[in-house]
Amino acid sequence: MNDGLIARIRASAEALRPQMGAFLGELLAIDTENPPGRNYERCVRFLGAKMASLGCEVEYVEVPEEDLAALADESKGWPRHIVVGTFAGTEKRPVLHLSGHYDVVPAGGGWTVDPYGGAIIDGKVYGRGASDMKSGLAAQIYALEVLQHAGIELKGTFVSSAVPDEETGGETGMGYLVRSGRLTKENTDYCIITEPLDPDMICLGHRGTLWFTLAFRGVQSHGSMPSKGLNPIEGMRRLLERIDVRIRPALETVSRYPVSPEGSRKSTLCITTIRAGSKVNTIPDECTASFDWRLIPEQSAAWARGEIMAICDDLVREGIILGYSYTPIVEANPTMVDEDQRLVDALKACGRAVLGRDMGVNVSPGMDDQRFAVHEGGLEATVVYGPGRLALAHTSDEHIALDDLVTGVTILAATAAELLGVRE
Ligand SMILES: [Zn+2]
């Protein structure tokens, strides 16, 4: 990447700073809370219109009914939309695809500004999704505009997409985009997911996720004669004890990968809901609990599920519970791609040129849409880089500094120029 090109991209991004902030403010003012999945069509039309204004060929996709079965009840009846903008360069390949999700988690309480006001105060843009991750979507689109404004013509093809439902698992967003063949290793050379993993960090992967519910069956009886019944709450207590004996050692293993924050560098298994009983003097016949287990890249979802079910089978065999049912909610393997590849080299080089120092490399504690591109699209050249900050995601008064947005846009624009080549 030559210094002259970087200087032109930087100057162009700086010149477009006010428009970028205003565009993000408008995007944040569209309430796309998920669940249930509000205003999705309005949001993709807003993004698509901007892409079209830059000369992109825009495709609007409505996810077919049969693919919506994975959605939870509260999202049923709300249509799911995707938008893909393609800016063809002078050559078909390589293709760089930038993708982000436009759904946001519900605003919740504790805000001192309107979460859907899109206010800009002291150089920061406020709103639900400011960090996670409408700033990423704004950066994808402005990366192209910055290049055009600087008079830089790309050789390869620049694709930008916005998908829904990442916050509820992504099957009906990025999952559909990949499975419908729009993002695979056959038609794409590089992919950057613009999630907020910090504007000076390149994220190579994420932990795996096993979300599940266990329902333990017992035998109802009078509370004064518990020996006539079988208490499934006791069964749940025994399960937790055995998790400590059998699984805890594996939870103490520190990953060799740089998962951040440091407290998430191990596997974490939490019981998150528990329900049982209806009356103080009755032994209940059922106890249900849900669990959130995050897996380091060294572990697999199948292994984790097997560990839990082995304990449950023992509890049945020993007569501690009558039976159980295991209901999967999300089962996603960890994702890790190689640091030693052209996409990462390009991001590092552009990051160094823009920031004046080396970018860091990390692994996300949660999961994101990267896994669909890598595992189902077969595209190893997929990483996460976006302008937002992880610590601000899902918080009250969520915001992004305009400085971070401009930095992210500049690095993405420079990386696109580096990977796709420019016409001199
Ligand atoms: Zn996100």
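Rules of the game
- Residues numbered from 1 in each chain as written.
- Predicted model: local features only at pLDDT ≥ 70, side-chain atom pairs only at ≥ 80, totals over all residues.
- Heavy atoms only, no water.
- Donors = N, O, S within 2.8 Å, 3.2 Å for Na, K, Ca; no water.
- Tetrahedral: all angles 85-135°; square planar, octahedral: opposite > 155°, others 65-115°.
- Helix = DSSP H or I, 4+ residues; strand = E, 2+ residues; numbered from the N terminus.
- Pairing = 2+ DSSP bridges.
- Axes fitted to C-alpha atoms, helices over the stretch in contact; angles between N-to-C directions.
- Contact = heavy atoms within 4.5 Å.
- Phe/Tyr/Trp six-rings, centres within 6.5 Å; stacked < 30°, edge-to-face > 60°.
- Buried < 20%, exposed > 50% of the residue type's maximum accessible area, 1.4 Å probe, protein only.

A.B. asks: It is not clear to me how the coordination of the zinc ion should be interpreted in this structure. Could you clarify?
C.D. replies: Where a metal carries four tetrahedral donors, each ideal angle is 109.5 degrees; where it carries six octahedral donors, the ideal angles are 90 or 180 degrees. In the first shell of the zinc ion, the protein supplies His101 (NE2), Asp132 (OD), Glu195 (OE) and Glu195 (OE), at 1.9 to 2.6 Å from the metal. Around the zinc ion sit 4 donor atoms, and with donor-metal-donor angles ranging over 53 to 147 degrees the site reads as irregular. When the donors of the zinc ion are listed by position in the chain, the intervening gaps give H-x30-D-x62-E. Here the residue Asp132 occupies a position in helix α4 (residues 130-149), and Glu195 occupies one in the loop between β8 (190-193) and β9 (201-206), the gap between them amounting to 63 residues.

A.B. asks: What's the story with the sheet that holds strand β15 (residues 323-332) in this structure? I'm lost.
C.D. replies: Taking strand neighbours across the sheet as the criterion, the 4 strands line up as β12-β14-β10-β15 in an open arrangement whose pairing is antiparallel. Each edge of the open sheet is held by one strand with a lone partner, namely β12 (268-276) and β15. The sheet shows a mean angle of 15 degrees between the axes of neighbouring strands, direction not considered. In the packing of helix α6 (residues 232-251) onto the sheet, contacts are made with β10 (208-217), β12 and β14 (286-295), and the angle to β14 comes to roughly 15 degrees.

A.B. asks: What is the right way to read the packing of aromatic side chains from this model?
C.D. replies: For any two aromatic rings, the description comes down to two numbers: the centre-to-centre distance and the angle of the planes. Counted according to the given criterion, the structure contains 6 aromatic pairs. Seen in terms of ring centroids, Phe23 and Phe46 are 5.0 Å apart; in terms of plane orientation they differ by 15 degrees. Their pairing is stacked. With Phe23 in helix α2 (residues 17-28) and Phe46 in helix α3 (residues 40-53), the pair connects residues that are 23 residues apart, well separated along the chain. You'll find Phe23 and Phe46 in the same group, each marked buried. Where Phe212 meets Phe291, the ring centres are 5.1 Å apart and the plane angle is 10 degrees; that geometry is what we call stacked. In this pair, Phe212 sits in strand β10 while Phe291 sits in strand β14, placing the two residues 79 residues apart along the sequence. Exposure class is identical for Phe212 and Phe291. Each is buried.

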